[in-house]
Every structure is written in C-alpha cells, then in structure tokens.
Protein chains: 2
Amino acid sequence: MRFTAAAALLLTSCAAGQGGSGLPEPSARHIFWRPAPVMGAPEPVRVVEAAPPAAWRAIAPEDLLIIDLKDGRRVAIELSREFAPIHVANVRAFARAGWWTGSAIYRMQDNYVAQWGIGEGKERALPGGVVRLPPPEYHRPLTGLAIRPLGFPDSYAPMVGHADSWPIGYDPEQGRAWLTHCYGAVGVSRDLAPDTGTGSELYAVIGHAPRHLDLNIALVGRVIDGMDALSARPRGTEALGLYKEESQYVPIVHARLAADMPAAERPAYEVLRSDSPSFSHYVTGRANRGGEFFGRPAGGVDICNVNVPVRRRVQH
Amino acid sequence: MRFTAAAALLLTSCAAGQGGSGLPEPSARHIFWRPAPVMGAPEPVRVVEAAPPAAWRAIAPEDLLIIDLKDGRRVAIELSREFAPIHVANVRAFARAGWWTGSAIYRMQDNYVAQWGIGEGKERALPGGVVRLPPPEYHRPLTGLAIRPLGFPDSYAPMVGHADSWPIGYDPEQGRAWLTHCYGAVGVSRDLAPDTGTGSELYAVIGHAPRHLDLNIALVGRVIDGMDALSARPRGTEALGLYKEESQYVPIVHARLAADMPAAERPAYEVLRSDSPSFSHYVTGRANRGGEFFGRPAGGVDICNVNVPVRRRVQH
C-alpha cells in the first residue's frame, strides 16, 4: 500500500538521522515533524507598516540596476554583494559601457523565465573590465554570512534562510551557501559549459521557483520593482519561449546603475533587514496567515513564498 | 550564532520525532535528511516521449472546462473528480447554464492569481442545480486515494504526493488529503465566510505556488492548456490586482464542458498516470536534472515543480 511505503521511506530517513540505530516504532511524529501552526500571528502587512527605520537597509546605488524599456516600463534590480562577485562586477561593467542599449527582451517562457541581452551566440567585443570566462560562482562559503534560518523544511536545500535579506539555501556540512531561484531572481544565462556566462545575457524568474537551477547557474540579483513589466509579456512561441519574430522583441533603451544616474532621477529603495525583529515577525506572519480570511494557518512557508519586503526609500 | 540556533531548532524537531528522548549529538545528518541525488537520471522529456499508451489516462469530457475568450484565446481546465465534488458539480451547472457567457477576467494580480466571473458581490439568480452554500470542501478523506508519495520534504504539508495525477498534500495522522495550490491550480473565490464561494467566481494561480491557501479555499481543477492566455495578461493596478477600468476586462465568450461541445470541436487531453512506472521515472528525472546542462542534480523537487505531463489526446 502506497502510504505504508511512504511511511517506511521517511522513517528510514529519521532512523538515518538517528545514526542508523534501527527503525523506531512507526509514529506520525516521526514521519513529518514541523512546528505547530501559530494562531493569531501578526499580519505581514501590519508588521511591515510598523517596522522601525532601523529595520530597513538602503540599497546602495552601486547595487541597483535600472532597466528602461522602450514601452516606458522600468525594471529595478538589486545586485547581490555577497554572491557571485565576479559576475556582479561584470554586470556593473556591462551597464557602465552601455552594453544593453539597443538590446532587447527576446525570450518569454511561461512559468519559467524572461531573458534579455543582445542574444546568445551573437558576438560583440566585450567592454573593458569584463571577465570573459568567470568561474562558476554557484555558491560561496558559509562563513561571513549572518544567516536567519527559515526554520521550515525545504524540498531542495539542506537548510534555507535569509542572509542580508537574500533568500538562500545552505549546507553547514559542506560549509557553503547559495542564492535561491525564487520569483524575480535574476541570473546569468550560460551555454552548456559552466564558465560560458559573462552576465551579458540575463534572465529573471517569472513563474514558480525553478529551484533545480540552484547551484547550476550564477544568480546575481533580484527584481525589486517593475516585475510585471517582465512577467505580463506575451510568451514566445518558439522553443524555450524565444520570440519568433524580432518585431516581438521588447527593446531596452538603457540599463544603468543608479549610481550613474543624475541624483535627481535616481530611484532609491530599502529592504527589510533579515536580522531585524520585524523580519522574524514578518516570517511568522507569512507562515501563519490569519486575519478574517484564513481559518487554518499553514504553520510553514517555503523560502520563495516569504517575499522579502522592499519599499521606495523614505528619508529619515 | 545563528546556525547553532538553527541546528538546535531542527534537532529538537527530530528529538520530538524520537518521542522527546532528549537531544542527540548535533550531526548534519540529524538536521537535514534527504535522499542522495541521482546521477544520470532519465531526462523528463524523454520519459514522457517513451511513456506507453497505458501510462496515460484520458480526461473525461465531463471533467474538461473549455473557456473561450473574446481575443480568440482558449483555456482548458481539468476539473477534479475526487476533491470538492459539490463545488465541481456547481461549476458544471454554471457551465451548462451559460453562466460565464458575457462575464470576464477582471483581476490579474502579479505572482498570485487571475480571476474571472461576473464580479464578486454582483448578484444574479443562480442556475438550477447550483448549491448556494456549499460546505467548505477544503480536504477529503485519505481513504480511497491511491497516492504516490513524492518522497521529498515539503514546507507546508506533512506529506505530499500525487493521487490520480493530481498534486496533493496529505496528513496520515488526521487521515485527510487536499489539492495543492500549484501554478495553474483553479480555485473557488470566496468572501470571508468559508461557505460563500459557489464556484461562480474562479481564479487560477499565475505565480509561485501560494500554498498558504491550501486547506483554506476549495480547489476544483487545474489549467492544462492555454495557461499563458491567463498568465501573460497586463496586471491590474487596483488593490488585489483588480483592473481599474471595465475596458481592461477580458470578456469570456463562453465556458463550456467539452461534453457539451459538438464531437467534432471537442478537444481531448491525456494526463500521465501517477500510478505508472513512467511517472516515477519522470519524477526522478525532475528531481535530478541531468543532461549536458545540469552539473549538479538537486536530489529533490517540490510538489509544485513536478509539472504533471499533459498532452493532446492521441487515438490508439
């Protein structure tokens, strides 16, 4: 019977967890531990509203990539400081060289990714400062990261949590951490060889988190504003969601670092600090939705359904 | 130190699993068991191509809701037989009464849902056969379901798997099972009271799985074709993603059961049977992506990233 098989499977897992000391008596508690749901947890939106100034960190203009599209839409991307530094430096160099001016969004694959650049396989001299063959920066050492563990099971990573407000998977046994492919995550397209992505072609996740890409490709950032300027586009009808006609491409006017924009035009954002008490309350609220609508809090949330709060910067 | 705290938290969990017999020595194995990744797993697309006729089940015309939109796009939805039977019967009754003719998609909330109907709060006499106040069919008994356990940890449900090719969460301790809010899942909009949704207003998930809705709302089906006719729409700018102007609404020409369409026009689909060996190979492949691109198989997949294979029906 299927269910017995499942119980056995997971009991084995817990037995292994106990150092292989034989199978304990079957018990539901063995099979699936999770924290008890919290009734009356704070409403996430209220937690964010009540978060004090100290709970927010400003995104540095050097870490903010602003993409302006020909149809007037704008996409704001936070670049990660602590992950894939060589790829991120490449992205900054491409932006400063105006690389993406005249390039376009040419791929829209439903429930997967939007992708932009000059087009894979198209050759063009790389700007100065761009590393042509960056190493596969798919993970980084755990040391040096202040991690807030999520505290719920994950289907992919040994552990998940947030570091400097970035959703991450990590493995204490191997001592490494990596960004997760959540909705809005921005990564570096590559060919089959791991070192073939420079950062000239980027993609953003527009569907359910394709976590199988974690540790297989370099993530460099996340969309923090204007996400629907990517997600709401018509899907491409060719293989991999490529647009069939160039007339379908969405031209990019320019992609600049906020640091290189005139101060008056420069957008600014803040992210809720994952090391703040507000963030912990927010996660508890996300994992235990209450209020008038939810009769049954889940008692858990997956790392890609936490949705780290971001807001336009307010002056204090 | 954060990580120690996490280890303690999860060790406690496993200790509880062992009947509260104190904390075992910290060990990575305690903290996060998962199956070892499989190298050289079958490529999912090849498994589907190679699946024999017996591995497919036809979707009954009574279980197939076909929505035709004014812009010429079509959305095909499989209705669930085994879950929320009263709500599903309502949906069939609404379809047969032509309820949705002249209604529209009026809500597009990014990374959440598309919603359609005549609009919440708008009163109209219900067709005959519609149950006005269906009970909250948020879960069903576990007995009677042939479940294929997924075999990987889940962030929300004690256990997850597939029953009759539907992604489900289940709880052997409480003896109940429920459909999961995966990409494309179709549910019954309701007001704050649990019994306020008849099935006249439906929504489909267009973003990362909002699993916190599981067990809080009745799911009645899933989109199996034409998903991008929903997901690629412009997002609504009002609260909850409602369109601001009625001119933005996407009119529905009609929503019919395939059973009520002329045989010649009737679309037909098949779903890969979750009790087939092909399905198991497919899941193994999805959890362990290989081929030339993936250097590191995840060794796991979440229930909403399995993507149950569906195809246009082939005559045997």
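Residue indices follow the written sequence of each chain, beginning from 1 at its first position. Throughout, the order in which chains and ligands are written sets their labels, letters from A for the former and numbers from 1 for the latter. Reporting in this predicted model follows two pLDDT cut-offs: at least 70 for local features of residues, and 80 or more for side-chain atom pairs to be given and counted; totals over whole chains, interfaces and linings ignore these cut-offs and use all residues. In computing side-chain properties, one takes all heavy atoms of the structure into account and sets aside hydrogens as well as water.

- As recorded in an unreviewed UniProt entry, chain A goes by the name Peptidylprolyl isomerase, listed as coming from Sphingosinicella rhizophila.

## Concerning the overall build of chain A
Here's step 1: Helix and strand definitions follow DSSP, with helices as H or I runs of at least four residues and strands as E runs of at least two, each counted in order from the N terminus. A count of helices and strands for chain A gives 6 helices and 16 strands.
Here's step 2: Relative accessibility thresholds used throughout: buried, under 20% of the residue-type maximum; exposed, over 50%; partly exposed, between the two (1.4 Å probe, protein chains only). Residues classed as buried in chain A amount to 59% of the 316 residues present.
Here's step 3: Only the protein chains shown count as covering a residue, and every accessible area follows the Shrake-Rupley method with a 1.4 Å probe. If you sum the accessible surface of chain A, you get close to 12600 Å²; carbon and sulfur atoms cover 54% of it.

## Considerations on the packing of aromatic side chains
Here's step 1: In this scheme Phe, Tyr and Trp rings, the latter by its six-membered ring, pair at centre separations within 6.5 Å, and the angle between planes marks the pair as stacked below 30 degrees, edge-to-face above 60, and tilted otherwise. One pass over the full model with this rule turns up 10 aromatic pairs over all chains.
Here's step 2: Relative to A:Phe294, the ring of A:Phe293 has its centre 5.2 Å away and its plane inclined at 75°; by these criteria the two rings are edge-to-face.
Here's step 3: The exposure class assigned to A:Phe293 is partly exposed, which follows from its relative accessible area of 21%.
Here's step 4: Aromatic pair B:Phe279 and B:Tyr282: ring centres 6.4 Å apart, planes at 45°, arrangement tilted. One end of the pair is B:Phe279 and the other is B:Tyr282, both in helix α6 (residues 277-287) and 3 residues apart, which spans about a single turn.
Here's step 5: A relative accessible area of 0% places B:Phe279 in the buried class.
Here's step 6: Site record: aromatic cluster; members linked through ring pairs are A:Phe94, A:Trp99 and A:Trp100.
Here's step 7: The rule for a charge over a ring is simple: NZ of Lys or CZ of Arg within 6 Å of the ring centre, and within 35 degrees of the ring normal. B:Arg222 extends its terminal NZ or CZ atom over the ring of B:Trp166, reaching a point 3.9 Å from the ring centre.
Here's step 8: The side chain of B:Arg311 reaches across the aromatic face of B:Trp56, ending 3.9 Å from its centre.

## Observations concerning helix α6 (residues 277-287) of chain A
Here's step 1: Restricting attention to buried positions, one finds in α6(A) the residues A:Ser278, A:Phe279, A:Tyr282, A:Val283, A:Gly285, A:Arg286 and A:Ala287.
Here's step 2: The inward-facing, buried residues of α6(A) contact α3 (44-50), β7 (147-149), β8 (159-163) and β15 (269-272) of chain A. By the convention used here, residues are in contact when the closest approach between their heavy atoms is within 4.5 Å.

## Details of the pattern of salt bridges
Two side chains bearing opposite charge may form a pair once their charged atoms approach each other closely.
Here's step 1: For this document, the term salt bridge refers to a Lys or Arg side-chain nitrogen within 4 Å of an Asp or Glu carboxyl oxygen. Here the structure, examined in full by the defined rule, presents 42 salt bridges over all chains.
Here's step 2: For the salt bridge of A:Glu270 with A:Arg311, the shortest nitrogen-to-oxygen distance reads 2.8 Å. Placement of A:Glu270 in strand β15 and of A:Arg311 in strand β16 (residues 310-312) is noted, with a sequence separation of 41 residues between them.
Here's step 3: By relative accessible area, which is 3% here, A:Glu270 ends up buried.
Here's step 4: As a salt-bridge pair, B:Arg273 and B:Asp275 come within 2.9 Å of each other at their nearest N and O atoms.
Here's step 5: Connected through shared salt-bridge partners, A:Glu62, A:Asp63, A:Arg81, A:Arg92, A:Arg96 and A:Asp260 make up one network.

## Quick notes on the state of the cysteines
Residues and elements named next belong to chain A.
Here's step 1: Cysteine sulfur atoms are paired as a disulfide whenever they fall within 2.5 Å. In the structure shown here, the tally under the stated rule is 2 disulfides over all chains.
Here's step 2: Here Cys 182 engages in a disulfide with Cys 304; their sulfurs sit 2.0 Å apart. Residues Cys 182 and Cys 304 are joined by a disulfide whose S-S torsion is about -75°; by sign, that bridge is left-handed. Of this pair, Cys 182 sits in the loop between β10 (176-179) and β11 (185-188) while Cys 304 sits in the loop between α6 and β16, and the two are 122 residues apart along the sequence. Comparing Cys 182 with Cys 304, the two get one shared label, buried.

## Some words on the confidence of the model for chain A
Residue and element names in this part refer to chain A.
Here's step 1: Put simply, chain A has an average pLDDT of 89, and 88% of its residues get 70 or more.
Here's step 2: Residue-level confidence of the predictor, termed pLDDT, takes values from 0 up to 100. Note on residues 1-31: pLDDT is under 50 here. Beyond four places in sequence and across chains, it has 48 contacts.
Here's step 3: In the predicted assembly, ipTM is 0.90 and pTM is 0.90.

## Focus on the sheet that holds strand β1 (residues 56-58) of chain A
Residues and elements named next belong to chain A.
Here's step 1: If DSSP finds at least two bridges between two strands, the strands pair. The strand order across the open sheet formed by 3 strands is β1-β15-β16, and the pairing between neighbours is antiparallel. Where the open sheet ends on each side, the last strands, each with one partner, are β1 and β16. Sheet twist, expressed as the mean angle between neighbouring strand axes with direction ignored, is 30°. Axes here refer to lines fitted to C-alpha atoms; in helices the fit is confined to the stretch in contact. Angles between the N-to-C directions go from 0 to 180 degrees.

## Concerning the side chain of B:Arg235
Here's step 1: By secondary structure assignment, the location of B:Arg235 is in the loop between α5 (228-231) and β14 (250-257).
Here's step 2: Contacts described as polar in this section are N or O atom pairs within 3.5 Å, which, within protein, must combine one atom able to donate a hydrogen with one able to accept it, while residues neighboring in sequence count only if both atoms come from side chains. Within the structure, B:Arg235 has its side chain in polar contact with the backbone oxygen of B:Ser231 (distance 2.5 Å).
Here's step 3: A distance of 2.7 Å separates a polar side-chain atom of B:Arg235 from the backbone oxygen of B:Arg233.
Here's step 4: Setting aside its immediate chain neighbours within four residues, B:Arg235 contacts A:Asp228, A:Ser231, A:Ala232, B:Met108, B:Asp110, B:Ile206, B:Leu230 and B:Tyr243.

## Points about the pairing of strand β15 (residues 269-272) of chain B
Look at any regular strand and the pattern is simple: side chains alternate between the two faces of the sheet.
Residues and elements named next belong to chain B.
Here's step 1: Side chains of β15 alternate between two faces, with Tyr 269 and Val 271 and Glu 270 and Leu 272 buried alike.
Here's step 2: Two strands pair when backbone bridges link them, and strand β1 (residues 56-58) and β15 are joined in this way by 3 bridges, in the antiparallel orientation. By the bridge assignment, Arg 57 is partnered in β15 with Val 271.
Here's step 3: Note: β15 against strand β16 (residues 310-312), 3 bridges, orientation antiparallel. Directly across from Tyr 269, in β16, lies its bridge partner Arg 312.

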